[in-house]
Amino acid sequence: MKYENQIQLSFPSKSVNEGFARSAIACFAAQMDPTMDELGDIKTAVSEAVTNCIVHAYPNEIGDITVRARILPDNILDIVIKDRGRGILDVEMARKPMYTTGGMERSGMGFTIMESFMSELKVNSQTGKGTTVHMKRKIVRRGDRS
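Treat the numbers as computed from the prediction; the structure is a model and nothing was measured.

Enquirer: Kindly report on the overall build of the protein chain, identifying the contributing residues and their values.
Expert: Scanning the protein chain for helices and strands turns up 4 helices and 5 strands. When the helices and strands of the protein chain are placed in sequence order, the string is β-α-α-β-β-α-α-β-β. Sequence separation of at least 24 residues holds for 65% of the intrachain contacts in the protein chain that already meet a minimum separation of 6. Surface exposure of the protein chain reaches about 8200 Å², of which carbon and sulfur atoms provide 50%.

Enquirer: Would you mind going over the pairing of strand 4 (residues 120-126) in detail, with residue names and values included?
Expert: Where strand 4 and strand 5 (residues 130-138) come together, 7 bridges link them in antiparallel fashion. Bridge assignment links Q126 to a residue of strand 5, and that residue is G130. Connecting strand 4 to the antiparallel partner strand 5 that follows it, the hairpin turn spans 3 residues, and G128 within it adopts a positive phi of roughly 80°.

Enquirer: Account for the sheet that holds strand 2 (residues 64-72), with residues named and values stated.
Expert: Within the open sheet, the 5 strands sit side by side as 1-2-3-5-4. Their pairing is antiparallel. Sheet topology places strand 1 (5-12) and strand 4 at the edges, where each strand pairs with a single neighbour. In this sheet, neighbouring strand axes are inclined to one another by 10° on average, regardless of whether the strands run parallel or antiparallel. Across the sheet, helix 1 (residues 16-29) touches strand 1, strand 2 and strand 3 (76-83), and the angle it forms with strand 1 is around 175°.

Enquirer: Tell me about helix 1, residues and numbers included.
Expert: With 14 residues, helix 1 extends 21 Å from end C-alpha to end C-alpha; this agrees with the ideal 20 Å at 1.5 Å per step. All buried positions along helix 1 are accounted for by N17, E18, A21, A24, I25, A26, F28 and A29. In this structure, the buried side of helix 1 is in contact with strand 1, helix 2 (36-57), strand 2 and strand 3.

Enquirer: Talk me through the environment of K122; I want residue IDs and the actual numbers.
Expert: Along the chain, the position of K122 falls in strand 4. On the basis of relative accessible area, K122 is assigned to the partly exposed category, the value being 46%. Sequence separation between K122 and T132 is 10 residues, and the spatial gap between their C-alpha atoms is 8.1 Å.

Conventions adopted
- Residues numbered from 1 in each chain as written.
- Predicted model: local features only at pLDDT ≥ 70, side-chain atom pairs only at ≥ 80, totals over all residues.
- Heavy atoms only, no water.
- Helix = DSSP H or I, 4+ residues; strand = E, 2+ residues; numbered from the N terminus.
- Contact = heavy atoms within 4.5 Å.
- Areas by Shrake-Rupley, 256 points an atom, 1.4 Å probe, with all protein chains shown as cover.
- Pairing = 2+ DSSP bridges.
- Axes fitted to C-alpha atoms, helices over the stretch in contact; angles between N-to-C directions.
- Expected span 1.5 Å × (residues − 1).
- Buried < 20%, exposed > 50% of the residue type's maximum accessible area, 1.4 Å probe, protein only.

The values are spatial; any link to function lies outside them.
Spelled out as structure tokens, the structure:
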């Protein structure tokens, strides 16, 4: 698919890198001139996806997380977050609100939050091979805002 600009980052699944990922994607998205609300939604969705990698994909080890962001035609921000961790046994169940495999301290709302803040969310996973979260967000151009 044709894109106007793109970045790709790879980093270890350490919790300190979650803030880095959300900030990096927010800085990249800023060239699209989003509102503060749009930017906040994007940062929250990225944070949820990266946190899922850290907590669920690599619960007992440090692994790699890759984040790619592209600006597509029609002012669409395209974000892919990928790990090569343990994978999700049942993606449909994992996308249900309040479902978690992360223990009592986890809310089970990660995918629900991502889905509510982005225009589109797809999750692909293979047990033992990892998970890919693909999110898109249409950014409303200033001239199109009422």
